[in-house]
Structure formats: structure tokens, C-alpha cells
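Summary of structural features
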Amino acid sequence: MKLCFLVEEQYRHDGMPVEVIRQLASWGHQVDVLRPGGSLLRLTDAVQTSIHDAWVLKTVSGGPGLTLLEAAASAGLTTINNARAIRGVRDKALAAAIGLSRGLPLPATYAAALPELLLEIPESEYPIVVKPADGSSGRAVHLVSSPRRLAEMLPELAEEGMLIAQPYVPNSGVDIKVYSIGDELYATERRSPLHPDHAVRERRVPLSAEIAAVAGQVGVVYGLDLYGVDVVLGPNGPVVVDVNDFPSFRQVPDAPVRLARAVLALAAGAGGATAAAQPPLGAVPVPMTAGKTA
């Protein structure tokens with residue numbers, strides 16, 4: 001197969017996706033790498049003359065790579081993940097609206113273009129979690145205890161653009177991160193960015209049927225195949241607090257091999273000859289949803 005990976009500067013030496021690219025090349029596949037943030041691109045030529053079976057995106061939130069992936073999708077090329085699905089989760093305000101409308105267990109969500117507008121949130125909703133709508137990797141996530149504290153933070157929040165705020169879901173201070181690779185789910189636990197003093201070693205954990213059902217539903221709702229879901233266990237069960245396309249897949253055994261197989265299967269079409277073998281013990285199968293983008 002011939003594949004095109006869009007990799008921005010932040011990830012050019014990162015194990016994910018460098019190791020996946022290496023694995024695919026070792027199997028004899030042609031992998032071309034475009035760096036949208038470090039190259040002058042003639043977009044028309046890049047897209048209309050493409051000979052690739054699929055385009056794969058690994059970029060920072062808000063980076064230029066998504067625009068190029070969307071251009072490829074508009075030309076009828078296969079993208080992994082679906083370009084429209086990526087846009088739907090990278091804008092956290094949009095992701096909340098989509099998820100809540102489709103029945104996902106998400107907190108109620110407020111969005112504001114100016115941080116002072118968040119002062120209109122009723123005091124009964126506090127404490128609240130405030131973060132940038134285009135944030136990633138736990139950047140600028142704040143647990144805010146009161147309207148007074150929020151008012152003190154306004155200068156700090158003014159540089160973050162569109163913001164979202166959600167009532168804090170009481171939990172143990174541990175996040176469950178579920179990774180989806182094509183038709184497999186893996187769970188890890190790690191310290192919540194809202195509880196930096198909580199001593200938790202990141203490690204793989206068994207995946208309960210309840211959390212697996214929620215994580216699988218996330219893929220269907222947003223149309224993602226390679227993704228991560230952050231879940232907290234609140235008083236009323238699992239709550240989704242974040243969704244990421246093509247995350248780090250830390251703690252997933254043989255992640256580069258599994259991801260390479262999934263990329264090939266998705267590029268060929270679900271159930272194609274390059275699909276991965278049966279999930280190993282401990283993995284939970286979920287449906288593949290990617291294919292040609294519209």
C-alpha cells in the first residue's frame with residue numbers, strides 16, 4: 001500500500017507515529033511523510049495528484065495538518081481518522097454538543113468567547129472545570145472553586161481563546177484512559193490533571209463492561225477508529241471528560257504493530273485482507289467505522 005502521513009514538527013521524532021511509520025515500511029509499504037507546519041505545499045497538486053491509498057493525521061490541536069487532511073477528504077481520498085470526525089472532537093465545544101445530543105455521558109457544558117462571560121454561570125454549578133476549546137494534552141485545564149476565584153483568573157484565561165466550562169464530576173482523582181485501535185479497546189489509569197498531587201502510577205487496568213460500552217459508543221457517535229477517551233468514575237457512573245483522535249497509545253502492548261495493522265485494515269476497508277487477527281486476551285472488540293470520506 002501507499003500511505004501519506006501528515007506529521008507536524010512537534011511529533012517528527014515522537015515514538016507515535018514514527019514507530020508506526022517504521023513498522024509499515026518494514027512490511028514493504030510505501031509511506032510518505034508530509035510536514036504541514038514546516039513545508040510550503042502546493043495544495044492542489046498534493047491532493048489532486050495523490051497516489052496514496054490513505055492519508056493519516058498526527059498533528060497538534062489547531063495545527064495546519066487538519067486543513068490538508070480535509071482537502072484530501074474533499075477530493076474523495078480515504079483519511080484515517082475521518083476528517084470530519086477529527087474536526088468534531090478537536091473543538092471541545094462542538095464535541096460536547098454532539099456527544100450530549102447523542103446520549104453520551106458528558107457533563108453539562110458552557111462555552112464562551114470571552115472569559116468574563118463565564119461569570120454568568122450559576123454559583124450552584126461550582127466547582128467547575130475550565131479549559132480551552134482547542135486544548136490538548138491537559139494544557140490550561142483549571143479546577144475553579146468559586147466565582148471569586150474565576151474572577152481572579154480572568155487575565156490568565158484571556159489568552160486562551162474560546163473556553164468551555166463544565167461542572168466538576170466528583171471522583172477519586174484517577175482518570176481512566178481508554179484507547180481504541182480499530183477493533184480493540186485497552187484501558188489505563190493515570191493521575192488526573194486536576195489532582196496533580198495524587199500519587200498514581202500510569203498502568204494498564206482491566207476494562208469493565210460499562211466503560212467499554214461507553215468507549216465504544218464514543219467511536220460510533222464521533223465516527224472515529226483510532227482514538228482515546230478520558231473517563232472519570234462519578235457518583236452516577238462513567239463520565240466522558242475528553243476525546244482525542246490518534247493519541248499516544250501509551251501502555252498498549254505492541255502499539256506500533258497494532259496501529260500499523262489497523263491503518264492497513266482501514267485503508268483497505270473494514271474486513272479487508274490486511275485486517276488484524278483476532279483481538280488478544282484482554283482486548284475488547286468494537287466496530288470499525290472509517291472508510292471513504294465524503
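Residues numbered from 1 in each chain as written. Predicted model: local features only at pLDDT ≥ 70, side-chain atom pairs only at ≥ 80, totals over all residues. Heavy atoms only, no water.

Some points on the overall build of the protein chain
Where we set the bar: Elements are defined by DSSP. Helices are runs of H or I of four residues or more, strands are runs of E of two residues or more, and each kind is numbered from the N terminus. In this treatment the radius of gyration is a C-alpha quantity, and the globule benchmark scales as 2.2 Å times the residue count to the 0.38 power. Under the convention used here, a 1.4 Å probe and the Shrake-Rupley method define accessible areas, while residue burial counts only the protein chains that appear. All tallies of charge rest on Lys and Arg as positive and Asp and Glu as negative; His and the ends of each chain are not included. Every charge is mapped to an atom, namely NZ of Lys, CZ of Arg, CG of Asp or CD of Glu.
In terms of helices and strands, the protein chain carries 8 helices and 13 strands. Here the C-alpha atoms of the protein chain give a radius of gyration of 19 Å, agreeing with the 19 Å that 2.2 N^0.38 yields for 294 residues. Expressed as lengths along the three principal axes of its C-alpha atoms, the size of the protein chain is roughly 60 × 45 × 35 Å. Total accessible area computed for the protein chain in this model is approximately 13,300 Å², and 52% of it derives from carbon and sulfur atoms. One way to put it: in the protein chain the 25 positive side-chain charges average out to a point 6 Å from where the 30 negative ones average out.

Topic: helix α4 (residues 83–90)
Each α-helix turn comprises 3.6 residues. Residues three or four places apart therefore point the same way. Using the following cut-off: Only protein chains enter the accessibility calculation, which uses a 1.4 Å probe; a residue is then buried when its area is under 20% of its type maximum, exposed when over 50%, and partly exposed in between. Contacts are assigned to residue pairs with any non-hydrogen atoms lying within 4.5 Å of each other. Two N or O atoms count as a polar contact when they lie within 3.5 Å, although within protein this holds only if one can serve as hydrogen donor and the other as acceptor, and sequence-adjacent residues are included solely when both atoms are side-chain atoms.
With respect to burial, α4 is a largely interior element, 6 of its 8 residues being buried. Taken together, the buried residues of α4 touch β3 (54–58), α3 (65–74), β4 (79–80), α5 (92–101), α7 (209–222) and β13 (237–245). In this structure Asn82 caps α4, since a side-chain oxygen of it lies 2.9 Å from the backbone nitrogen of Arg84.

Remarks on the packing of aromatic side chains
As a reminder, the rule being used: Classification of ring pairs uses Phe, Tyr and Trp, with its six-membered ring standing for Trp, and accepts pairs whose centres are within 6.5 Å; under 30 degrees between planes counts as stacked, over 60 as edge-to-face, and the remaining range as tilted. Our definition puts a charge over a ring when NZ of Lys or CZ of Arg is within 6 Å of the ring centre and also within 35 degrees of the ring normal.
If you walk through the whole model with that rule in mind, you get 2 aromatic pairs. Arranged with centres 5.4 Å apart and planes meeting at 40 degrees, the rings of Tyr179 and Phe249 form a pair that is tilted. On the criterion of sequence distance, the pair formed by Tyr179 in strand β9 (residues 174–181) and Phe249 in the loop between β13 and α8 (255–268) is long-range, its members being 70 residues apart. For Tyr179, a relative accessible area of 0% puts it in the buried group. Pairing Phe246 with Phe249 gives two aromatic rings, centres 6.0 Å apart and planes at 80 degrees, and the pair type is edge-to-face. Taken together, the aromatic side chains of Tyr179, Phe246 and Phe249 make up a single cluster linked through ring pairs. When the ring centre of Tyr11 is taken as reference, the NZ or CZ atom of Lys58 above it lies at 4.5 Å.

Some details on the pairing of strand β6 (residues 128–132)
Worth spelling out the cut-off: When DSSP locates at least two bridges between a pair of strands, those strands are taken to pair.
Burial analysis of β6 places 5 of its 5 residues in the buried class, which makes it a mostly covered element. Every second residue of β6 is oriented toward a common face, with Ile128, Val130 and Pro132 on one face and Val129 and Lys131 on the other, all of them buried. One ladder, built from 3 bridges, connects β6 with strand β7 (residues 142–144); its direction is antiparallel. By the bridge assignment for β7, Val129 is matched with Leu143. Direction of pairing for β6 relative to strand β8 (residues 163–167): antiparallel, over a ladder of 5 bridges. Within β8, the position partnered with Val130 by the bridge is Ala165.

Side note on the environment of Asp183
Examined against the element boundaries, Asp183 turns out to sit in the loop between β9 and β10 (184–191). The exposure class assigned to Asp183 is partly exposed, which follows from its relative accessible area of 22%. Along the sequence, Asp183 and Gly216 sit 33 residues apart, while their C-alpha atoms lie 9.3 Å from each other.

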